[in-house]
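The residues making up each chain are set out below.
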Amino acid sequence: MNWDDETPPAPDERIVGATAEGDDQAVEAALRPKDLSEFVGQEKVRQQLDLVLKAARQRGATADHVLLSGAPGLGKTTLSMIIAAEMGAPIRITSGPAIQHAGDLAAILSSLQEGEILFLDEIHRMSRPAEEMLYMAMEDFRVDVIVGKGPGATAIPLELPPFTLVGATTRAGLLPPPLRDRFGFTGHMEFYEAGELQRVIHRSAGLLDVEIDPAGAAEIAGRSRGTPRIANRLLRRVRDYAQVRADGVITREVSEAALQVYEVDSRGLDRLDRAVLEALLKLFGGGPVGLSTLAVAVGEERETVEEVAEPFLVREGLLARTPRGRVATPAAWAHLGLVPPQVAGPGGPGTTQGSGQQGLFGA
């Protein structure tokens, strides 16, 4: 299926959403590290990228094209800005959805300066004609501009100054092989460990002039879904709570109380996540149950449940997708403090098993 024909899910506006909208973008920009030495986490990617950039500077050449893949909120945009800073070059920022015609891309490429960094976010959503033009631009620093139509059309070659393309994608599998092969360096961004997120939180707290103790930072980190963007957002909300209802210092108790107000539990689940799990456990005995049926029970659209709630629940080992439908894991029962029903299954009386009837609704 062509990604351009798909309807992307609605923006994730939850407090634990990994996308940045509105005011979040401005605050996030202020908290971004400015060079690789300040960047926390992603050790392998950071070390490899450091070598690529240092080697390019020593040669006096532009850096190789860079592809960064991974979930939203892990630092792809931040790394692109760090690349520009490390190379001492300006950066031009655009996105795949904004480039729907080859002419759009040609206009951007023709205005680049030598050594400039072109950051192309959501590169997998670029139109196919623009994508094919990008092949030649990346490899030969040249594009062919078509003038006229029909038999009289003429291709005029346009030489481009050497530049570095930094592409970012959350779906690397949707990139065609010819495009992936033209990147000299590919880095995959992993989710952060709790200790790394605590370092991110302490650094952000210093920039925000907020006093926070190690236990308070650990509590926020544990609910941040392994994502720095979410950690910084939760930190700001806990800061507000500490300012209004406490003495301004973020402790474990303050963090717990604040995040309870914002309905973010100890594992980072919010209202939607818990609603999906509670419907699956309480209404359907843990499954299997079809996605459409589960969405109706929750009162959300099918795409919202599948694209917004399920990925984190699956990653946390609380929900499993099976050919017969969605199934809750033992960890889900334990997290909500519920006891799995005891029914007579293939293993005999007393075997724990969900109601198989729900599988009739399909996956």
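Undergrad: An account of the overall build of the chain is needed here, citing residue identities and associated values.
TA: Tallying secondary structure elements over the chain gives 14 helices and 11 strands in all. The buried share of the chain, taken over its 363 residues, is 45%. Partitioning the contacts of the chain with sequence separation of at least 6, the portion at a separation of at least 24 is 69%. Surface accessibility of the chain: about 17,300 Å² in total, with carbon and sulfur atoms responsible for 52%.

Undergrad: Outline the nonpolar core, listing residues and values.
TA: Counting 47 residues, the largest nonpolar core has Leu 79, Ile 83, Ile 201, Ile 212, Ile 220 and Ile 250 as its most contacted members. Here the element with the most residues in this core is helix 9 (residues 228-245); it accounts for 7 residues. Excluding residues that lie within four positions of it along the chain, Ile 212 makes contacts with Ile 201, His 202, Ala 205, Ala 217, Ile 220, Leu 235 and Ile 250. Listed in part, the 24 residues of the second largest apolar core include Leu 109, Leu 112, Phe 163 and Leu 165.

Undergrad: Lay out the packing of aromatic side chains with the relevant residues and their values.
TA: Applying the stated rule across the entire model yields 1 aromatic pair. Arranged with centres 5.5 Å apart and planes meeting at 80 degrees, the rings of Phe 141 and Phe 163 form a pair that is edge-to-face. With Phe 141 in the loop between helix 5 (128-140) and strand 4 (142-147) and Phe 163 in the loop between strand 5 (154-159) and strand 6 (164-169), this pair connects stretches of sequence that are 22 residues apart. Residue classification places Phe 163 among the buried residues on the basis of a relative accessible area of 1%. In this structure, Arg 225 packs its charged tip against the face of Phe 312, placed 3.9 Å from the ring centre. In this structure, Arg 315 packs its charged tip against the face of Phe 191, placed 3.6 Å from the ring centre.

Undergrad: Run through the packing of helix 7 (residues 194-207) against helix 8 (residues 214-222), naming residues and quoting values.
TA: Interaxial distance between helix 7 and helix 8 falls to 9 Å at its minimum, and their mutual angle equals 120 degrees. Taken together, the axis directions place helix 7 and helix 8 in an arrangement best described as oblique. As for how helix 7 packs across helix 8, the hand of that crossing is right-handed. In this structure, helix 7 uses Ala 194, Leu 197, Gln 198, Ile 201 and His 202 to contact helix 8, whose residues at the interface are Pro 214, Ala 217, Ala 218, Ile 220 and Ala 221. When the residues that make up the contact of helix 7 with helix 8 are grouped by side-chain class, the tally is 8 nonpolar, 2 polar and no charged.

Undergrad: Can you explain the confidence of the model for the chain? Please cite residues and give values.
TA: Mean pLDDT over the chain works out to 82, with 85% of the residues at or above the 70 mark. This stretch, residues 344-363, has a pLDDT under 50; its non-local contacts, to residues over four places away or in other chains, come to 42 contacts.

Undergrad: So what's going on with a nonpolar patch on the surface? Residues and values would help.
TA: There is a patch of nonpolar side chains on the surface, built from Val 145, Ile 156 and Leu 158 and spanning about 200 Å² of accessible area. Along the chain, Ile 156 falls in strand 5.

Undergrad: Please give an account of helix 4 (residues 102-110) that cites residues and values.
TA: Every buried residue belonging to helix 4 is among Leu 105, Ala 106, Ile 108 and Leu 109, and all of these are buried. Buried residues of helix 4 fall within an arc of 165 degrees about the axis and therefore sit on the same side.

Undergrad: Break down the environment of Ile 15 for me, with residues and values.
TA: With respect to the helices and strands, the residue Ile 15 is situated in the segment before helix 1 (23-31). A sequence separation of 215 residues divides Ile 15 from Ile 230, and the C-alpha atoms of the two residues are 7.4 Å apart. With residues near it in sequence (within four places) discarded, Ile 15 still touches Ile 230, Arg 233, Leu 234, Arg 237, Tyr 262 and Val 264.

Undergrad: Run through the pattern of salt bridges, naming residues and quoting values.
TA: Under the criterion given, the structure shown has 19 salt bridges. Salt-bridge contacts for Glu 219 lead to Arg 223; the nearest nitrogen and oxygen are separated by 2.7 Å. On the accessibility criterion, Arg 223 (8% relative accessible area) is buried. In the salt-bridge network here, residues are joined through shared partners; they are Glu 219, Arg 223 and Arg 252.

Undergrad: Describe the sheet that holds strand 7 (residues 185-188), and please don't skip the residues or the numbers.
TA: Strand order in the open sheet made by the 5 strands is 2-3-6-1-7, with parallel pairing throughout. Looking at which strands have only one partner, the edges of the open sheet turn out to be strand 2 (91-95) and strand 7. Looking at each pair of strands side by side, their axes are set apart by 15 degrees on average, direction ignored. The sheet contacts of helix 2 (residues 43-59) involve strand 1 (66-69) and strand 7, and relative to strand 7 the element is tilted by about 160 degrees.

Basis of the calculations
Residues numbered from 1 in each chain as written. Predicted model: local features only at pLDDT ≥ 70, side-chain atom pairs only at ≥ 80, totals over all residues. Heavy atoms only, no water. Helix = DSSP H or I, 4+ residues; strand = E, 2+ residues; numbered from the N terminus. Buried < 20%, exposed > 50% of the residue type's maximum accessible area, 1.4 Å probe, protein only. Contact = heavy atoms within 4.5 Å. Areas by Shrake-Rupley, 256 points an atom, 1.4 Å probe, with all protein chains shown as cover. Core = buried A, V, L, I, M, F, W, Y, C linked by side-chain atoms within 4.5 Å. Phe/Tyr/Trp six-rings, centres within 6.5 Å; stacked < 30°, edge-to-face > 60°. Lys NZ or Arg CZ within 6 Å of the ring centre and 35° of its normal. Axes fitted to C-alpha atoms, helices over the stretch in contact; angles between N-to-C directions. Parallel < 35°, antiparallel > 145°, perpendicular 65-115°, else oblique. Left-handed = near helix turned anticlockwise from the far one by under 90°. Nonpolar A, V, L, I, M, F, W, Y, C, P; charged D, E, K, R; others polar. pLDDT = per-residue confidence, 0-100. Patch = residues over 30% accessible without salt bridge, like charges linked within 9 Å, V, L, I, M, F, W, Y side chains within 5 Å. Salt bridge = Lys/Arg side-chain N within 4 Å of Asp/Glu carboxyl O. Arc of directions from axis to C-beta. Pairing = 2+ DSSP bridges.

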